[in-house]
Structures are given as C-alpha cells and as structure tokens.
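A structural walkthrough
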Amino acid sequence: MASGAWVQELSAERAALGRASTAGRVAEILRSHITEGRLPPGTRLSEEDIGAALGVSRNTLREAFRLLAHERLLVHEFNRGVFVRRLTVDDVHDLYRFRRLVEGGVLRACPPDVALDDVRRAVEEGESAAADGRWVDVGTANMRFHQSLAALAGSPRVEEAMRHVLAELRLVFHVMAAPQTFHEPYLADNRRILDLLESGDGETAAAALERYLTAAEAQLTEAYAATSG
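Cut-offs used in this document
Residues numbered from 1 in each chain as written. Predicted model: local features only at pLDDT ≥ 70, side-chain atom pairs only at ≥ 80, totals over all residues. Heavy atoms only, no water. Helix = DSSP H or I, 4+ residues; strand = E, 2+ residues; numbered from the N terminus. Buried < 20%, exposed > 50% of the residue type's maximum accessible area, 1.4 Å probe, protein only. Contact = heavy atoms within 4.5 Å. Expected span 1.5 Å × (residues − 1). Bend = angle between axes of the 7 residues up to and from the residue. Salt bridge = Lys/Arg side-chain N within 4 Å of Asp/Glu carboxyl O.

What follows is about the environment of His-174. By the secondary structure assignment, His-174 is in the loop between helix H9 (156-173) and helix H10 (179-198). A relative accessible area of 32% places His-174 in the partly exposed class. Sequence-distant contacts of His-174, that is, excluding residues within four places in its chain, are made with Gly-37, Leu-39, Pro-40 and Pro-41.

Pasting the structure below:
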C-alpha cells in the first residue's frame, strides 16, 4: 500500500465511531489495520493525520496509542513519535508457545457438534483469495481462520487474547519476503483441520495444528536469522 494511503482509508471508519469515539474503539480500528497487514513494522503514526481522519481528539488518540503499546503493537520513541513495533525472534517463539497452548487446547476440547460456520468461511476466503493471486488477503483470511478456531472455546477472554496475539503475529509475517511462498502451503492445512473438526476428530485436528505451527515457527525463525545476518 502506498505510503500514507492507509491514513486516508481511516476516514471511512469515521462514521462508525459516531458518539462512541472512545480510545478503545480507535485502538480496535488501528489493531484491525495491523492484523490485515496494512501497517508494517516501523510505520510512523501521525497524531495529526490519524486524528483528522477519524475525527477524534489528540487525547483520545494518545490513549488509544497507550492501549496498543500495552499490547506490544506500538512503541513510543522519545523525540521521534509513535511507531508500529518491530518484533524479535524471541517474540516469535513466545507467540507460537501461546498458540500451541491455546489453539491446541481449544481443538482438543472441541465438542463434536460445535458450529464451524466461521471456520469454514475463513478457509473459503483464503482459497478464493489464493485463486485470485491476492496473497496479502490470504494472510488476512489465515488470521480469521485462527481467530475462529479460538472462538470455538466459547470464551470472550480467549477470543480477546487471540485477537491481540494475531495482531502481533501479522507484524512477524512481514519478515517473509514472498507472501505466496509462505502462505500457500497452509491453505491445504487449514482445509484439513476444518475437515477433521467436521468429522468430530478434535484430537487429530490438534495434532495437525501442532505440526503446522512447528513448521511456520521454523520458517519465521529462519527468516529472522537471515534478516539479522
């Protein structure tokens, strides 16, 4: 996306704020932009531009920035401003540790008759985006797939924690120079996990997810090592 274009897109979100133009809602909008891959690591966030686009006060925006910094998505650099955070390889390992515990646990505990509409929709969105060659959108559909897996727990706390983790994870994905090469193989894995859940085999679905996460973590770790080198 062209530099600054994402700020212009924020104007479309202004009407949604309405009277509920709280810092939490502003943080939600910016978090969504990060999760969808629109804000890469290192992006500087201008108070003036974002405040004007969303029609919110500087104090509201600073509180939203504070919330997102607490979620490890933004960082304030003295005398320079607020930036989208650059994650480290240690972050990668911790994020995947969390995902194994949470997503794997959800799948193992998943009842056979659980509704899978959102999981299915995310899988189909990813496959459709891949067919059109929209690889950034494939990454976004993948985020929705994993968010929908977490939602199977039926716990608002699990869903909230997963939203925060997936936003961080999307920042990690920017280290991959070729989105198609990275995302394409996991489309079949997502479909297989859905098929296993539809058959009521949550234990095998969890095992498939474990292999999936291990492979992804290794790819990302290697990419970070290459970047550092």
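For the rest of this paragraph, the subject is H10. Helix length check: H10 (20 residues) gives 29 Å between terminal C-alpha atoms against 28 Å at 1.5 Å per residue, within 8%. Of all the bends in H10, the greatest, near 25°, is centred on Leu-187. Here H10 has its buried residues at Phe-182, His-183, Tyr-186, Leu-187, Asn-190, Ile-193, Leu-194, Leu-196 and Leu-197. Residues of H10 that are buried in the fold lie against helix H6 (89-109), helix H7 (117-131), helix H8 (135-151), H9 and helix H11 (202-228). Positioned one or two residues after H10, Gly-200 has a phi angle of 85°, which is positive.

Let us look at the pattern of salt bridges. Once their charged atoms are close, side chains differing in charge can pair, the charge on each being opposite to the other. Across all of its chains, the model carries 22 salt bridges by this definition. Two residues, Glu-47 and Arg-58, come together in a salt bridge whose shortest N-O distance is 3.1 Å. Taken as a pair, Glu-47 in helix H4 (residues 47-54) and Arg-58 in helix H5 (residues 58-70) lie far apart in primary sequence, 11 residues in all. Across the pair Asp-118 and Arg-121 runs a salt bridge, and its minimum N-O distance is 2.6 Å. Within this pair, Asp-118 and its partner Arg-121 are both found in helix H7, separated by three residues, close to a single helical turn. Taken together, the salt bridges that share partners define one network made up of Glu-47, Glu-48, Arg-58 and Arg-62.

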